Amino acid sequence: MVTAGAGDDEGEFAGQCILYGTVKCNSSVGECTATSFSNVSLCYFVCGVSVFVSLYCFAVVLHRIYTIFIGETTRESVWMNFYFACCGIFIFFLLICSCILQVGFDKLCTSILENKEIKSCSDAQQKSWATPYKGSLFYTNIYSAKSADWVNFFLWIVILGLLIVQKRKESEFRPLSASDPEWSTAENEPIVSSKSRQS
């Protein structure tokens, strides 16, 4: 959703990134045009993070299916630490992307609303646009991308919380090993020693 929204807006504005841009509307002719854009790498960054997170989720699903059929549990703690690291990284980058979309969208709408005849930002996409721009869906695309990115951000926070709960449960029920202080070799000794049997 994020990739589609940001990518569609680039297509509508001749490959330019409309985030943090400015739009001027001429009330006399009823036409709008984009007068400034942000660096196109900004939109590529937002799309790239979304694609990478999607690929990671697909890879995790395949890995979980693999472990179910193969029954590999020896490295479960290693994978759990890996999931923790990835989850923290994704939350960080999703927060950055959400802020980029939110602030960039607000700045764009502020420039549009400078025209007193336009009551809301969404009204601008109903106007005709100067060639080569086509802003018929710019508001819908950016709003959908912004909403989807915030939803992804909060979902990954929930996933992180579930991982923490699972980690605590595993630590509570972890079997003792010889390196633990609670481990005692006395349990392995026979109840009746060999000396008492000889006597």
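The rules behind the values
- Residues numbered from 1 in each chain as written.
- Predicted model: local features only at pLDDT ≥ 70, side-chain atom pairs only at ≥ 80, totals over all residues.
- Heavy atoms only, no water.
- Helix = DSSP H or I, 4+ residues; strand = E, 2+ residues; numbered from the N terminus.
- Phe/Tyr/Trp six-rings, centres within 6.5 Å; stacked < 30°, edge-to-face > 60°.
- Patch = residues over 30% accessible without salt bridge, like charges linked within 9 Å, V, L, I, M, F, W, Y side chains within 5 Å.
- Areas by Shrake-Rupley, 256 points an atom, 1.4 Å probe, with all protein chains shown as cover.
- Salt bridge = Lys/Arg side-chain N within 4 Å of Asp/Glu carboxyl O.
- Buried < 20%, exposed > 50% of the residue type's maximum accessible area, 1.4 Å probe, protein only.
- Disulfide = S-S within 2.5 Å.
- Pairing = 2+ DSSP bridges.
- Contact = heavy atoms within 4.5 Å.
- Axes fitted to C-alpha atoms, helices over the stretch in contact; angles between N-to-C directions.
- Core = buried A, V, L, I, M, F, W, Y, C linked by side-chain atoms within 4.5 Å.

1. A word on the environment of glutamate 114
Here is step 1: One can find glutamate 114 in the loop between helix 3 (76–112) and strand 3 (128–129).
Here is step 2: Between the C-alpha atom of glutamate 114 and that of cysteine 25, which follows or precedes it by 89 residues, the distance is 9.0 Å.

2. Some remarks on the packing of aromatic side chains
Here is step 1: This model, assessed by the stated rule, comprises 14 aromatic pairs.
Here is step 2: Between phenylalanine 52 and phenylalanine 90 the ring centres are 5.9 Å apart and the planes differ by 75 degrees, which places this aromatic pair in the edge-to-face class. Taken as a pair, phenylalanine 52 in helix 2 (residues 40–70) and phenylalanine 90 in helix 3 lie far apart in primary sequence, 38 residues in all.
Here is step 3: Among the aromatic residues, those joined into a ring-pair cluster are Phe52, Tyr56, Phe82, Tyr83, Phe90 and Trp156.

3. Notes on a nonpolar patch on the surface
Here is step 1: A surface patch of nonpolar side chains, amounting to about 890 Å² of accessible area, comprises Phe58, Val61, Leu62, Ile65, Tyr66, Ile68, Phe69 and Ile70.
Here is step 2: Mapped onto the fold, valine 61 is located in helix 2.
Here is step 3: For valine 61, a relative accessible area of 48% corresponds to the partly exposed category.

4. Remarks on the pattern of salt bridges
Here is step 1: Considering all chains together, one arrives at 1 salt bridge under this definition.
Here is step 2: Among the ionic pairs, glutamate 114 bridges to lysine 24, the shortest N-O distance being 3.0 Å. On the criterion of sequence distance, the pair formed by glutamate 114 in the loop between helix 3 and strand 3 and lysine 24 in strand 1 (residues 17–26) is long-range, its members being 90 residues apart.

5. Quick word on the state of the cysteines
Here is step 1: Evaluation of the coordinates by the stated rule reveals 3 disulfides.
Here is step 2: For cysteine 25, the disulfide goes to cysteine 32, at an S-S distance of 2.1 Å. Looking along the S-S bond of the cysteine 25-cysteine 32 disulfide, the torsion reads about 100 degrees, which is the right-handed sense.
Here is step 3: Taking the relative accessible area as the measure of exposure, cysteine 32 reaches 0% and is therefore buried.

6. Brief notes about the sheet that holds strand 1
Here is step 1: Read across the open sheet, the 3 strands follow the order 1-2-3; overall the sheet is mixed. The open sheet is flanked by strand 1 and strand 3, the only strands paired with a single partner.
Here is step 2: In terms of strand pairing, strand 1 meets strand 2 (residues 31–38) through 6 bridges, oriented antiparallel. Bridged to lysine 24 within strand 2 is threonine 33.
Here is step 3: Strand contacts of helix 2: strand 1 and strand 2, with the helix running at about 125 degrees to strand 1, the strand carrying the most contacts.

7. Some remarks on the nonpolar core
Here is step 1: One finds Val23, Ile112, Phe138 and Trp156 to be the most contacted residues of the largest nonpolar core, which totals 38 residues.
Here is step 2: Of all the secondary structure elements, the ones that give two or more residues to this core are strand 1, strand 2, helix 2, helix 3 and helix 4 (138–172).
Here is step 3: Residue contributions to this core peak at 14 residues, all from helix 3.
Here is step 4: With residues near it in sequence (within four places) discarded, isoleucine 112 still touches Val23, Ile118, Cys121, Ala124 and Phe138.

The quantities given are spatial measurements derived from coordinates; they are silent on function.
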